Amino acid sequence: MYNGVKVLDIHGHVSAPMHGTPALALMLASNTPISIDPRKAIDPRLSLTDEQWDESVKRHVHLLDDYNIDAQLIGPRPFLMLGWMNQHLLPNWTRYVNNAIAKQVSIAPTRFVGAAQLPQNADADDLSGCIPELERCVGELDFKAVYLSPDPTGDRRSPGMDKPYWFPVYSKCQELGIPIVVHGTNCMDPRLDIIPHNYQIGFVWEQYLATQLLSHGDVFERFPELKILICHCGGALDRFIKTDYHLSQRDISKNLFFDTNAPELNFLEAAIKQRTPKQLCFGTEAPGSGAFVRPETGRPGDDLVPIIGGFNFLSEDEKIDIFNRNPTKVCPGLGKLGC
């Protein structure tokens, strides 16, 4: 909590033990779809036992407690969404991941809310093929949000996020009243092979590009009730002043939001000031890539409640907006755990 108000984290990922990689390795190696449901106790050589699940979720919840986070929206691990895999495999992998998310939510339903992965096909005419899995995740698994990768294959061949290609999912999400979380995934740019975990560089570009395309395009005129959250403060920050025509002059503050997942404090402070507290939702990705220790505090970098709570440029009301009100506005399903 923060000063008696529940803290809602809008950016988290499923923490299944080993992320289901034995099952994934089997599927990729055999080039054959598999139908393993990680919600059930099955062969531990291929997936996860109930004991493994309980221990994994216990560690995740312990971390949230340590970070003063009351509830978290959890979706797929972006670098494991694997939108580049053969299309005859991707639907089964997507279903596996979504069932794993549902399993984690079922173990700690007062702490987690699910967000879906979709079997995005960059070569399809549009994303209408994703609708059955989206409807299953909302109707059967009770998920409250959905993840979209701007570039699922990592080679920049998907249409920009302002194009009709995306409209079937936009329309369905507006109909269902659930938000879209935009998060970069894989990056196959060969120039980046020297950089460890180079998909993180892809996140910066793809999330910033999504921000620009959605703000300059007419998506929110077509879908006025749609809410989209861009992760990692929008990927990058604007270098132009607000009145510059390079930036959209539309008011889309009721539709487009950003999270606070940026452990570097100068960047985070600038992002909050630039995006404005009204469009920022608390997000940490914990447990994730921000766990390196901050030298000045001796605490992990993604322990952000005391950091944001200590920003003296924010009023107390603005801090509560970021910690609770804005995540509730963007994802009402998460907000129900914050009452």
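Presented here is an overview of the structure given in this document.

**Considering the overall build of the protein**
Argument step 1. Helix and strand content of the protein: 11 helices and 10 strands.
Argument step 2. For 339 residues, the compact-globule estimate of 2.2 N^0.38 gives 20 Å, and the C-alpha radius of gyration of the protein, at 19 Å, lies within 12% of that figure.
Argument step 3. Its C-alpha atoms give the protein principal-axis dimensions of about 55 × 45 × 45 Å.
Argument step 4. Expressed as a percentage of the 339 residues in the protein, the buried residues total 57%.

**What about the packing of aromatic side chains?**
Argument step 1. For the coordinates displayed, the defined rule picks out 8 aromatic pairs.
Argument step 2. Site record: aromatic cluster; members linked through ring pairs are Tyr2, Phe282 and Phe323.
Argument step 3. Positioned above the aromatic ring of Phe313, the side-chain terminus of Lys273 is 4.8 Å from the ring centre.
Argument step 4. A cation sits over an aromatic face here: Arg275 above Phe258, 4.4 Å from the ring centre.

**Points about the nonpolar core**
Argument step 1. The biggest cluster of nonpolar side chains holds 81 residues, and the ones touching the most others in it are Tyr170, Ile180 and Ile228.
Argument step 2. With 8 residues, helix α3 (residues 90–107) is the largest single contributor of residues to this core.
Argument step 3. Those residues in contact with Ile228 that sit more than four places away from it in its chain are Tyr170, Ile180, Val182, Leu214, Phe220, Asn255, Leu256 and Phe257.
Argument step 4. Residues Leu8, Ala71, Ala115 and Ala145 belong to the second largest nonpolar core, which totals 18 residues.

**Let's talk about the sheet that holds strand β4 (residues 145–148)**
Argument step 1. Across the sheet, which stays open at both edges, the 8 strands sit in the order β1-β2-β3-β4-β5-β6-β7-β8 with parallel pairing between neighbours. The sheet is open, and its two edges are formed by β1 (8–13) and β8 (280–281), each paired on a single side.
Argument step 2. Here 2 bridges tie strand β7 (residues 256–259) to β8, and the two strands are oriented parallel to one another. Bridging from a neighbouring strand, Asp259 pairs with Cys281 of β8.

**A few points about the pairing of β1**
Argument step 1. Of all 6 residues that make up β1, 6 are buried, and the element is covered over most of its length.
Argument step 2. Bridge count between β1 and strand β2 (residues 71–75): 4 bridges; the pairing is parallel. Across the sheet, the residue bridging to Gly12 is Ile74, located in β2.

**Side note on the packing of helix α4 (residues 131–139) against helix α5 (residues 167–176)**
Argument step 1. Two numbers describe how α4 lies on α5: the axes approach to 11 Å, and their chain directions differ by 20°. As judged from the angle between their axes, α4 and α5 are roughly parallel. Helix-helix and strand crossings are classified by hand; for α4 and α5 the assignment is right-handed. Every residue of α5 that contacts α4 at Ile131, Leu134, Glu135 and Val138 is listed here: Pro168, Val169, Lys172, Cys173 and Leu176.

**What about the pairing of β2?**
Argument step 1. Most of β2 is tucked away, with 5 of its 5 residues classed as buried.
Argument step 2. Every second residue of β2 is oriented toward a common face, with Ala71, Leu73 and Gly75 on one face and Gln72 and Ile74 on the other, all of them buried.
Argument step 3. In this sheet, strand β3 (residues 112–116) lies alongside β2 in parallel orientation, the contact comprising 3 bridges. Across the sheet, residue Leu73 finds its bridge partner in β3, namely Val113.
Argument step 4. Crossover β2 to β3 through α3 is right-handed.

**A word on helix α6 (residues 199–216)**
Argument step 1. Given a rise of 1.5 Å per residue, 18 residues ought to cover 26 Å, and the 26 Å separating the end C-alpha atoms of α6 matches this to within 8%.
Argument step 2. Tyr199, Gly202, Phe203, Glu206, Gln207, Tyr208, Ala210, Thr211, Gln212, Leu214 and Ser215 are the residues of α6 that are buried.
Argument step 3. Residues of α6 that are buried in the fold lie against α5, β5 (180–182), α7 (219–222), β6 (228–230), β7 and α8 (265–275).

**Overview of the pattern of salt bridges**
Argument step 1. Applying the stated criterion across every chain, the model contains 25 salt bridges.
Argument step 2. A salt bridge links Arg39 to Asp37, with the nearest nitrogen and oxygen atoms 2.8 Å apart.
Argument step 3. Here Asp37 falls in the buried class, since its relative accessible area comes to 14%.
Argument step 4. For Arg250, the salt bridge is made with Glu221, and the minimal N-O distance between the two is 3.0 Å. With Arg250 in the loop between β6 and β7 and Glu221 in helix α7, the pair connects residues that are 29 residues apart, well separated along the chain.
Argument step 5. Within this structure, Asp37, Arg39, Arg95, Glu133, Arg136 and Glu140 form a network of salt bridges that share partners.

What counts as what
- Counting starts from 1 at the beginning of each chain's written sequence and moves along it residue by residue.
- Two thresholds apply to this predicted model, a pLDDT of at least 70 for residue-level local features and 80 or more for giving and counting side-chain atom pairs, whereas whole-chain, interface and lining totals are computed over all residues.
- The side-chain numbers reported here are obtained from all heavy atoms of the structure, hydrogens and water having been left aside.
- Strands are runs of DSSP state E lasting at least two residues, helices are runs of H or I lasting at least four, and both sets are numbered from the N terminus onward.
- Here the globule rule is a power law, 2.2 Å times the number of residues to the power 0.38, and the radius of gyration is based on C-alpha atoms.
- A simple rule labels every residue: compare its accessible area, found with a 1.4 Å probe on the protein chains alone, to the largest value its type can have, and call it buried under 20%, exposed over 50%, or partly exposed in between.
- Each pair of aromatic rings taken from Phe, Tyr and Trp, with Trp reduced to its six-membered ring, is defined by centres within 6.5 Å and is described as stacked if the planes are under 30 degrees apart, edge-to-face if over 60, and tilted in the remaining cases.
- Look at NZ for Lys and CZ for Arg. If either is within 6 Å of the ring centre and within 35 degrees of the ring normal, a charge sits over the ring.
- Buried residues of nine kinds, namely Ala, Val, Leu, Ile, Met, Phe, Trp, Tyr and Cys, make up a nonpolar core once their side-chain atoms join them within 4.5 Å.
- In this description, contact between two residues means that some pair of their heavy atoms is separated by no more than 4.5 Å.
- Whether two strands pair comes down to DSSP finding at least two bridges between them.
- In this description, a line fitted to the C-alpha atoms serves as the axis of each element, helices being fitted only across the stretch in contact, and the angle between N-to-C directions of two axes falls anywhere from 0 to 180 degrees.
- For this classification, under 35 degrees means roughly parallel, over 145 means roughly antiparallel, 65 to 115 means roughly perpendicular, and everything else is oblique.
- It is the rotation of the near helix from the far one that decides the hand of a crossing: anticlockwise by less than a right angle makes it left-handed, clockwise makes it right-handed.
- A right-handed crossover is one whose linking path, passing over the helix from the first strand to the second, runs clockwise when the strands point away from the viewer.
- Helix span is expected to be 1.5 Å times the residue number reduced by one.
- A side-chain nitrogen of Lys or Arg and a carboxyl oxygen of Asp or Glu constitute a salt bridge if their distance falls within 4 Å.

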